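In case you want the letters, here they are:
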Amino acid sequence: MAKILTKNLNLWYGTFQALINVNMAVQEKRITAIIGPSGCGKSTLLRVFNRMNDLIEGVRTKGKVEIDNQNILEGDFSELVQLRKKVGMVFQRPNPFPLSIYENIIFGLKVHHLAKKEEFDRIVERALESVLLWDDLKDKLHSNALRLSLEQRQRLCIARAIAVAPDIVLMDEPCSALDPQSTARIEELMRELKKDYTIIIVTHNMQQAARVSDDTGFMLLGELVEFDNTDKIFTRPQDKRTEDYITGRYG
Amino acid sequence: MKLRKIIEFIIEKLIFLCGVASILFVILIFAFLLKEGISFFKEVSFGKFIGGRYWYPISEPPQFGILPLILGSLLVTLGAIIVSVPLSIAAAFYISEVAPIKMKDILKAGIEMLAAIPSVVLGFIGMVTLVPWIKKAFHLPTGLTAFSGSIMLGLMAMPTIISISEDAINAVPKSYKEGALALGATRWQAMYRVVIHAAMPGIIAATMLGIGRVIGETMAVMMITGNAAVIPHTFLQPVRTLTATIAAEMGETVHGSMHYYSLFAIGIILFVITFIINFTADIFLHRNRK
């Protein structure tokens, strides 16, 4: 059964239509990549799943987006908060808060009143362990998160997202600010994480999609042109436009 | 060709002069204050001046203790901070985070207007509205109190604090707020758990500059604080500030007398206080920029 299902999803920024009839089914505990040239709507699509587009004025959405059979587009305020707890997000530029490492991780717990103070230490340890930061950072949990390296910051952001125990983690070009070695390590981490989480990653780096993802969707000018197993997309694309893109004829 | 070079040279030097003029003026002012004030300290010790409990500059023998004046200034300033800082920070948050664009413009224009009102007008309005009200509300013999001064000065400090805090809040990267919201925080939680932390150095700097404005303010304070040079014990007592003392007595003192020099000595103290405050504000502003 599909974890996330979009049905005839359309989205407008004012009069500009950014998503056109997107139909897609994301499977549970797999990595789904969305690829496409800049401006094709892939980030917009990603931000539909935790309704970050709500922040932008003049956005209208039509159609349905179901997560575990519930239409997320209609929820009121408290459901929105619950949605964002369930659907975590990692951004393009690592954006740890200007607080201590410890405070960064328990931020979500505090906001949702998820755990008691006594449990914080354990949750912080587990979150940092799962992003392989614990050994490096266990002695400086209370120093400022902005002192970390870029890669560590991005790992911390991932730890922060999974500390509230989400189902789904959205990643918006999570490696585009990182060097190749860091990128490889974050990709390794993503493969680890997919045992527990459903991951959707937006990337304009086709090799990355080919390396880490199980399913891939190709978007162009607001349309989801093709969506299939990653192997299939990269070896036997059905659509001419997909083929042109992955063979590097444009994009 | 030669003429052009000369013109270039002259303009460069002129601009340089304009550039250093402000520093030069500050140095000159301080030098003048020092020159006039220093002869006072030959007669009265610094400790006696700062720590003396009585300000009777024209009795016989005169007593030049400015402790009541310093405490008066501090009390009024403290009150003004309590009145203005929470209000101003809340207003800055409203303007930069919550208000719709139209409201933002109206509010910003309003704040500039508030900054443009001459202090004598504010003092006058305080005298005819606030002072009688305070007298009635607290059953006091007089409404000319430190509390009245604090409220009016708080109003005067608000534009400074609001506009600089608002800049600081606007300068907080949007990604912090986005990150907080994406974790399911409400707007309010994002504001007080993340944005305010990031903007804190700027907000502190704004507060310091507001304090600088309050401590140096003269006219309004002189009109509504009652000007009694006694050590205050509550907010509901008349006080006299350092600034009001200089303004009120400078016109009546004999040029070259001890009293005359003592007023310059007060000026030095004021100068040092505001210098420290501005300097602290500057440190925080720079930290914010990094």
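Along each chain, residue indices are assigned from 1 in the same order as the chain's sequence is written. Written order decides the labels, with chains lettered from A and ligands numbered from 1. Local features in this predicted model are restricted to residues of pLDDT 70 or higher, and side-chain atom pairs are both shown and tallied only at a pLDDT of 80 or more, whereas totals for entire chains, interfaces and linings draw on every residue. As a convention, hydrogens and water are excluded, and side-chain values are obtained from all of the structure's heavy atoms.

**A few points about the overall build of chain A**
- Counting from the N terminus, the helices are the DSSP runs of H or I reaching at least four residues and the strands are the DSSP runs of E reaching at least two. Within chain A, the secondary structure is distributed over 10 helices and 10 strands.
- For 251 residues, the compact-globule formula gives about 18 Å, and the C-alpha radius of gyration of chain A, at 18 Å, lands near that figure.
- Along the longest, intermediate and shortest principal axes, the C-alpha atoms of chain A span 55 × 40 × 35 Å.
- Scored against the burial criterion, the 251 residues of chain A give a buried share of 56%.
- Considering only contacts within chain A whose residues lie at least 6 apart along the sequence, 68% involve residues at least 24 apart.
- Areas reported as accessible are Shrake-Rupley estimates using a 1.4 Å probe. Residue values count occlusion only from the protein chains shown. Within the structure as shown, chain A displays about 11400 Å² of accessible surface, and the carbon and sulfur contribution to it stands at 46%. We compute the radius of gyration over the C-alpha atoms and compare it with the globule rule, which gives 2.2 Å times the number of residues raised to the power 0.38. The buried label goes to any residue with under 20% of its type's maximum accessible area, the exposed label to any with over 50%, and the partly exposed label to all in between, with areas taken from a 1.4 Å probe on protein chains only. In what follows, a contact means two residues having at least one pair of non-hydrogen atoms within 4.5 Å.

**Quick word on the packing of helix H4 (residues 101–116) of chain B against helix H6 (residues 146–170) of chain B**
Residue and element names in this part refer to chain B.
- Axis definition: a line fit to C-alpha positions, over the contact stretch in the case of helices; interaxial angles, taken between N-to-C directions, run 0 to 180 degrees. Running from amino to carboxyl end, H4 crosses H6 at an angle of 140 degrees, the nearest separation of the two axes being 8 Å. Classified by the angle between their axes, H4 and H6 sit oblique to one another. As for the relative orientation of H4 and H6, their crossing is left-handed in sense. Of H6, the residues touching H4 (which contributes Lys108, Ile111, Leu114 and Ala115) are Leu155, Pro159, Ile162 and Glu166. Oblique is the label for any angle not covered by the other classes, which are roughly parallel (under 35 degrees), roughly antiparallel (over 145) and roughly perpendicular (65 to 115). Definitions for this section: a left-handed crossing has its near helix turned counterclockwise from the far helix by less than a right angle. A right-handed crossing has that turn clockwise.

**A look at the domain arrangement of chain B**
Residue and element names in this part refer to chain B.
- By convention here, the domain bounds are inherited from an automatic or database domain assignment. Each assigned domain of chain B is listed here: domain 1 (2–43) and domain 2 (55–289).
- Relative to domain 2, the C-alpha centre of domain 1 lies at a distance of 30 Å.
- Contacts between the two partners involve 11 residues from domain 1 and, on the opposite side, 10 residues from domain 2.
- A quick way to say it: buried area is the sum, across both parts, of accessible area lost when two parts are put together, with a 1.4 Å probe. Counting each side, the surface lost to burial between domain 1 and domain 2 is near 1000 Å², with a carbon and sulfur contribution of 88%.
- When residues of domain 1 are sorted by the area they lose upon contact with domain 2, Leu33, Glu36 and Phe40 head the list and together hold 53% of the total.

**Looking at helix H3 (residues 67–98) of chain B**
- An expected span of 1.5 Å times one less than the residue number is assigned to each helix. When the terminal C-alpha atoms of H3 of chain B are compared, their 45 Å separation across 32 residues agrees well with the 46 Å that a helix rising 1.5 Å per residue should span.
- Each residue is assigned a bend, namely the angle between axes fitted to the seven residues that terminate at it and the seven residues that start at it. The largest bend along H3 of chain B reaches roughly 30 degrees and is located at Ser84 of chain B, with the proline Pro86 of chain B sitting one to four residues downstream.

**Quick look at the side chain of Asp215 of chain A**
All names here are of chain A.
- Mapped onto the secondary structure, Asp215 falls in strand S9 (residues 215–220).
- Polar side-chain contacts of Asp215 include one of 2.9 Å to the side chain of Arg30.
- Those residues within four positions of Asp215 in sequence are excluded, and the remaining contacts are Gln27, Arg30, Ile31, Thr32, Ala33, Phe227, Asp228, Asn229 and Thr230. Counted as a polar contact is a pair of N or O atoms within 3.5 Å, where, for protein atoms, one must be capable of donating a hydrogen and the other of accepting one, and residues adjacent in sequence contribute only when both atoms are in side chains.

**Quick notes on the packing of aromatic side chains**
- Think of it this way: a Phe, Tyr or Trp ring, Trp meaning its six-membered ring, pairs with another when their centres are within 6.5 Å, and the plane angle makes it stacked under 30 degrees, edge-to-face over 60, tilted otherwise. Counting across every chain of the model gives 16 aromatic pairs over all chains.
- Between Phe40 of chain B and Phe41 of chain B, the aromatic rings sit 5.6 Å apart at their centres with planes inclined by 75 degrees, giving edge-to-face as the arrangement.
- Ring centres of Phe138 of chain B and Phe147 of chain B lie 5.8 Å apart, and the angle between their planes is 90 degrees; this geometry places the pair in the edge-to-face category.
- Feature note: the residues Phe40, Phe41, Phe46, Phe49, Trp55 and Phe64 of chain B constitute an aromatic cluster, connected by ring pairs.
- Over the ring of Trp12 of chain A we find Arg60 of chain A; its NZ or CZ atom is 4.7 Å from the centre of that ring.
- In our convention, an over-ring charge means Lys NZ or Arg CZ found within 6 Å of a ring centre and within 35 degrees of that ring's normal. In this arrangement the basic side chain of Arg160 of chain A is found over the ring face of Phe97 of chain A, its NZ or CZ atom lying 4.1 Å from the centre.

**Things to note about the pairing of strand S2 (residues 16–27) of chain A**
Residue and element names in this part refer to chain A.
- Here strand S1 (residues 2–13) pairs with S2 via 8 bridges, running antiparallel. Among the inter-strand pairings, Ile4 is bridged to a residue of S2, identified as Val26.
- The antiparallel pairing of S1 with S2 creates a hairpin that spans 2 residues between the two strands, and Gly14 there sits at a positive phi of about 60 degrees. DSSP-based pairing: two strands are paired if at least 2 bridges between them are found.

**With respect to the pairing of strand S7 (residues 168–172) of chain A**
Residue and element names in this part refer to chain A.
- The buried fraction of S7 is high, at 5 of 5 residues.
- Alternating positions in S7 separate into two faces, Ile168, Leu170 and Asp172 on one and Val169 and Met171 on the other, with burial throughout.
- Both strand S6 (residues 87–90) and S7 contribute to a ladder of 4 bridges, which runs parallel. Within the sheet, the bridge partner assigned to Gly88 lies in S7 and is Val169.
- In terms of strand pairing, S7 meets strand S8 (residues 198–202) through 5 bridges, oriented parallel.

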